[in-house]
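Structural features, examined
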Amino acid sequence: MTSVEKNKTYTVTIDDLSHEGLGVAHIDGYPLFIENALPEEEIKIKAVKVGKKFGYGKVMERFNSNPERQEVKDLDLLRSGIAPLSHMTYEYQLRFKQQQVEKVLKTIAKLPDLSVAATLGMEHPFEYRNKAQIPVQKVDNQLMTGFYRKNSHDLLPIEDYLIQDPKIDQAITTVRDILQRFKVKAYNERENTGFIRHIVIRRGHYSHEMMIILVTRAERFFKGAEIAETIKAELPEVVSVIQNINPEKTNVIMGRDEKILYGKATINDTLLGKTYQISPQSFYQVNTEQTEILYQTAIEFADLNSEDIVVDAYCGIGTIGLSLAEKVKHVYGVEIVPQAIEDAKANAKNNGIKNANYEIGKAEKIMPRWAREGIEPSVVFVDPPRKGLDEKFIEASVAVNPNKIIYISCNPATLARDLRRYEDLGYRAVKVQPVDLFPQTHHVESVTLLVKAV
Ligand code: SAH
């Protein structure tokens, strides 16, 4: 229980940051999370939400500023979660991320001696995203695009997204205005009526090829082809316009079925000198420049030779394995999304790589099968989604007895849990390198090298 009451004001001093970058203050031991608040700042807050174990406060007045505070251009960038760290200097963000990893290695992995290198950051930590997924709503009879306020579906109108490729920002408004001109109806979430749900855009960082995906509730798209032609005419970089159909009442953005309204089914981009085709449903890292640094770090950690047999688990369109295939004997990739495996196979072929095989399926199913079939990888790369590795995967990866495991993680908490498990099964984590793939946000990406303990 707490004495803190909703809607009352309190003066507090921020004593910590949450993993999401919210300021934390304590009133008689009761934690309050506060947006746009940094350690050592003394702040008058209003308690806006009071739960059993913790609450949320809103800044009413700030009496001093942490020297690492940076002016925020647009508070909606914090409120929407687009750029929740944009009130911190970039140096401070990089240290914050390193410390996040250190903290979970101590508390969850119980590996206090494992060293975490300084986060590798960007020179220009803005305008980096090569992909945007923007909801469309009707406001005052106009189509509006923007971002949801955190934990809600109230749309905040935004035109400058700060962290997206500016060509994508521009394209969002252009496409929105074209849809408006053609009188396309916005989707209504509550009633599951209306038509256009999201505008999804990808732009190749090096290729500048653009894909526009119009996510619609229903299949029949009145003047769909004409709209696509108009998009192409106004945005010459567009090589692909796709209609994705999502009839469900769901927060999942894309549905299963797709139609090509204009051009190709995929776009191309390059990474570390190789060309990749990317399908609408395939995962592709959103920060191309930093992805190259991430992969280079992972490949350096692996210290590969021509006898190595490599597993690329959670391979997406094959980018990690194909970046290193020429250095090794063979690459085995596994990934759950069928379109991504189609891309991976095409990508191997188009880059003249013959020593890579790909399987559709769950890594935790395929890895044990490979083990039974007698495949003996010397190096296993893993790059799982936020929930980390499945126990079955961990066991199978240990059973095939690799010399090294390279763990690329987008979630320090599950990384730490999995490193603990590997340590118990005889694989020791020796170094960790965070790479900032998501400047201005709280997301932490890192590469860890594990070696078989002797
Ligand atoms: N290594 C790739 C993709 C990493 S993202 C790259 O760097 O681009 C994680 C990938 O894991 C996604 O493509 C996702 O579709 C896939 N995935 C999620 N769960 C999986 C599972 N259980 N088994 C295999 N792949 C899975």
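In this convention, every chain numbers its residues from 1, walking through the sequence in written order. Residues qualify for local features only when their pLDDT is at least 70, as the model is predicted, and side-chain atom pairs are given and counted only at 80 or more; totals for whole chains, interfaces and linings, by contrast, use all residues. To obtain the side-chain values, all non-hydrogen atoms of the structure were included, while hydrogens and water were left out.

Under an unreviewed UniProt entry, the name given to the protein is 23S rRNA (Uracil(1939)-C(5))-methyltransferase RlmD, and the source organism is Enterococcus raffinosus.

1. Comments concerning the sheet that holds strand β16 (residues 309–313)
Strand order in this open sheet of seven strands is β18-β17-β16-β19-β20-β22-β21, and the pairing throughout is mixed. The outermost strands of the open sheet, each flanked by one partner alone, are β18 (356–360) and β21 (427–435). With strand direction ignored, the average angle separating the axes of adjacent strands in the sheet is 15 degrees. On top of the sheet, helix α10 (residues 412–424) reaches β20 (404–409), β21 and β22 (445–452); it is set at about 165 degrees to β20, its chief contact. Paired strands, in this sense, are two strands between which DSSP finds at least two bridges. The numbering of helices and of strands both runs from the N terminus, where a helix is a DSSP run of H or I of at least 4 residues and a strand a run of E of at least 2. Fitted lines through C-alpha atoms give the axes, limited to the stretch in contact for helices. The angle between two N-to-C directions lies from 0 to 180 degrees. Note on definitions: a residue-residue contact is assigned when non-hydrogen atoms from the two residues lie within 4.5 Å.

2. Points about empty space enclosed by the protein
A 1.4 Å probe that fits into a set of points on a 1 Å grid over the protein atoms alone but cannot get out defines a cavity; an open set with protein on both sides within 12 Å along at least five of seven lines defines a pocket, and lining residues are those with an atom within 4 Å of a point. Grid points are joined across faces, edges and corners, and a volume is the space filled by probe spheres set on the points. Counted under the stated rule, the structure contains one cavity of 30 Å³ or more. Computed from the structure, the largest cavity encloses a volume of approximately 30 Å³. Asn 130, Arg 202, Arg 203, Gly 204, His 205, Ile 267, Asp 269, Ile 278 and Tyr 284 are the residues that line the largest cavity. Gly falls in the polar group here, along with every residue not listed as nonpolar (Ala, Val, Leu, Ile, Met, Phe, Trp, Tyr, Cys, Pro) or charged (Asp, Glu, Lys, Arg). Considering only residue class, the lining of the largest cavity consists of three nonpolar, three polar and three charged.

3. Some details on the UniProt feature "active site" (unreviewed entry) in the protein
Here the UniProt-annotated "active site" (unreviewed entry) positions come out as Cys 410. By secondary structure assignment, the location of Cys 410 is in the loop between β20 and α10. Those residues in contact with Cys 410 that sit more than four places away from it in its chain are Pro 384, Pro 385, Arg 386, Val 444 and Glu 445. UniProt positions are given in the numbering used here, feature names are shortened, and annotations may be inferred rather than shown by experiment.

4. Comments concerning the nonpolar core
Residues enter a nonpolar core if they are buried and are Ala, Val, Leu, Ile, Met, Phe, Trp, Tyr or Cys, with the set joined through side-chain atoms within 4.5 Å. Residue burial is assigned from relative accessible area. The probe radius is 1.4 Å, only protein chains are included, and a residue is buried under 20% of its type maximum, exposed over 50%, and partly exposed in between. Within the largest apolar cluster, 83 residues are counted, with the highest numbers of intra-cluster contacts made by Leu 179, Ile 212, Leu 214, Ile 231, Leu 324, Phe 381 and Ile 406. For the domains described, the bounds stem from an automatic or database domain assignment. There are two domains that each give this core at least three residues, and those are domain 2 (102–122 + 287–452) and domain 3 (131–271). Beyond its immediate stretch of four places on either side in the chain, Ile 406 contacts Ala 298, Phe 301, Ala 302, Val 379, Val 380, Phe 381, Val 382, Val 447, Thr 448 and Leu 449. Formed by 36 residues, the second largest nonpolar core is a distinct cluster that contains Leu 105, Leu 111, Leu 389 and Val 432.

5. Overview of a nonpolar patch on the surface
A cluster of nonpolar side chains, namely Val 48, Phe 54 and Tyr 56, defines an oily patch on the protein surface of about 230 Å² accessible area. Position of Tyr 56 relative to the elements: it lies in strand β6 (residues 55–62). We classify Tyr 56 as partly exposed; its relative accessible area is 31%. Excluding any residue in a salt bridge, patches collect residues exceeding 30% relative accessible area, merging like charges within 9 Å and nonpolar Val, Leu, Ile, Met, Phe, Trp and Tyr side chains within 5 Å. In this description, accessible areas are obtained by the Shrake-Rupley approach with a 1.4 Å probe, and a residue is regarded as covered only by the protein chains that are shown. One side-chain nitrogen of Lys or Arg within 4 Å of one carboxyl oxygen of Asp or Glu is enough to make a salt bridge.

6. A closer look at the domain arrangement of the protein
Entries for the protein in the domain assignment read domain 1 (8–69), domain 2 (102–122 + 287–452) and domain 3 (131–271). Relative to domain 3, the C-alpha centre of domain 2 lies at a distance of 32 Å. Counting from both sides, the interface comprises 11 residues of domain 2 and, opposite them, nine residues of domain 3. Here domain 2 and domain 3 share an interface that buries about 690 Å² over both sides, 63% of which is from carbon and sulfur atoms. Across the domain 2-domain 3 interface, the total number found is zero salt bridges. At the level of elements, α5 (288–302) and α7 (338–350) are the ones that each hand at least two residues to the side of domain 2 that touches domain 3. Sorting elements by how many residues they give to the side of domain 2 that touches domain 3 places α5 first, with five residues. The term buried area denotes the loss of accessible surface (1.4 Å probe radius) that occurs when two parts are joined, taken as the sum for both partners.

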